[in-house]
Amino acid sequence: MYSLNNVLSKGFELLFYGYNKDDTNTTHLSTYSRTPSGLIGYPVGGAYPPSVVATWTIDATSVNSTPPYLDINLQSVGLETCPNTDPCTCDTLIVYEISDKGLMSMRERYCSSTTNNVLSNAPGRFIVAFFSDATTQSGSGDGFQLQYLSAADPPVTPEPDTSE
Ligand SMILES: [Ca+2]
């Protein structure tokens, strides 16, 4: 077991209670990658099924180096047309960023279809989460494809002051 300052790291325990009318039918997918660039897409051809929770966790940082900046290009997002006033109550795709201090925040949320939306200078760690609800609506439910790679125009960080 890992120890830091004589305090054992015991992980965590999370308890939650809720109600889901079809929890036994929900498909869970989870992917983790450390590659510095790549393609993420779902599904592979065709339309996505109902009741899916899928996440992709990317950690393009490496030990003892500052996190790189990435450009995330949402080449296509095809979500079914939600009949509700708030389209985010149906299917959705969310991109979360994770800061170098480990804090997660939502960068962008897609609740309808779009193309070529670039999220510039995202940190080297991010999570893509796709949720489809229990019903199949009309519209182009062909999912999404994104590409991530080193940022084309990363922010400039000042050189450390070495003058004494
Ligand atoms: Ca749906």
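Residues numbered from 1 in each chain as written. Predicted model: local features only at pLDDT ≥ 70, side-chain atom pairs only at ≥ 80, totals over all residues.

For residues that are not glycine, phi is negative in most cases, and the peptide bond is trans in most cases. Note that the residue after Tyr42, namely Pro43, is joined by a cis bond; omega there is -10 degrees. Position of Pro43 among the secondary structure elements: in the loop between β4 (38-42) and β5 (52-59). Unusually for a residue other than glycine, Asn116 sits at a positive phi of about 50 degrees. Along the polypeptide, Asn116 turns up in strand β9 (residues 114-123). One non-glycine residue with positive phi stands out, namely Asn121, at about 55 degrees. The topology assignment puts Asn121 in strand β9. (Helix = DSSP H or I, 4+ residues; strand = E, 2+ residues; numbered from the N terminus.)

Next up on the list: the pairing of strand β6 (residues 69-78). Alignment of β6 against β9, held across seven bridges, turns out to be antiparallel. In the strand pairing of β9, Ser76 is matched with Thr115. Two elements, β6 and strand β11 (residues 143-150), share eight bridges in a ladder whose sense is antiparallel. By the bridge assignment for β11, Leu70 is matched with Ser150. (Pairing = 2+ DSSP bridges.)

Before going further, it helps to spend a moment on the environment of Gly41. Along the chain, Gly41 falls in strand β4. Residues Gly41 and Gly143, spaced 102 residues apart in sequence, show a C-alpha to C-alpha distance of 7.4 Å. The residues contacting Gly41, other than those within four sequence positions of it, are Gly143, Phe144 and Gln145. (Contact = placed C-beta atoms within 7 Å.)

Here we take up the environment of Asn117. Position of Asn117 relative to the elements: it lies in strand β9. Owing to 15 C-beta atoms within 10 Å, Asn117 belongs among the partly exposed residues under this scheme. Separated by 43 residues in the primary sequence, Asn117 and Leu74 place their C-alpha atoms 5.0 Å from one another. (Buried ≥ 20, exposed ≤ 12 C-beta atoms within 10 Å, placed from the backbone.)

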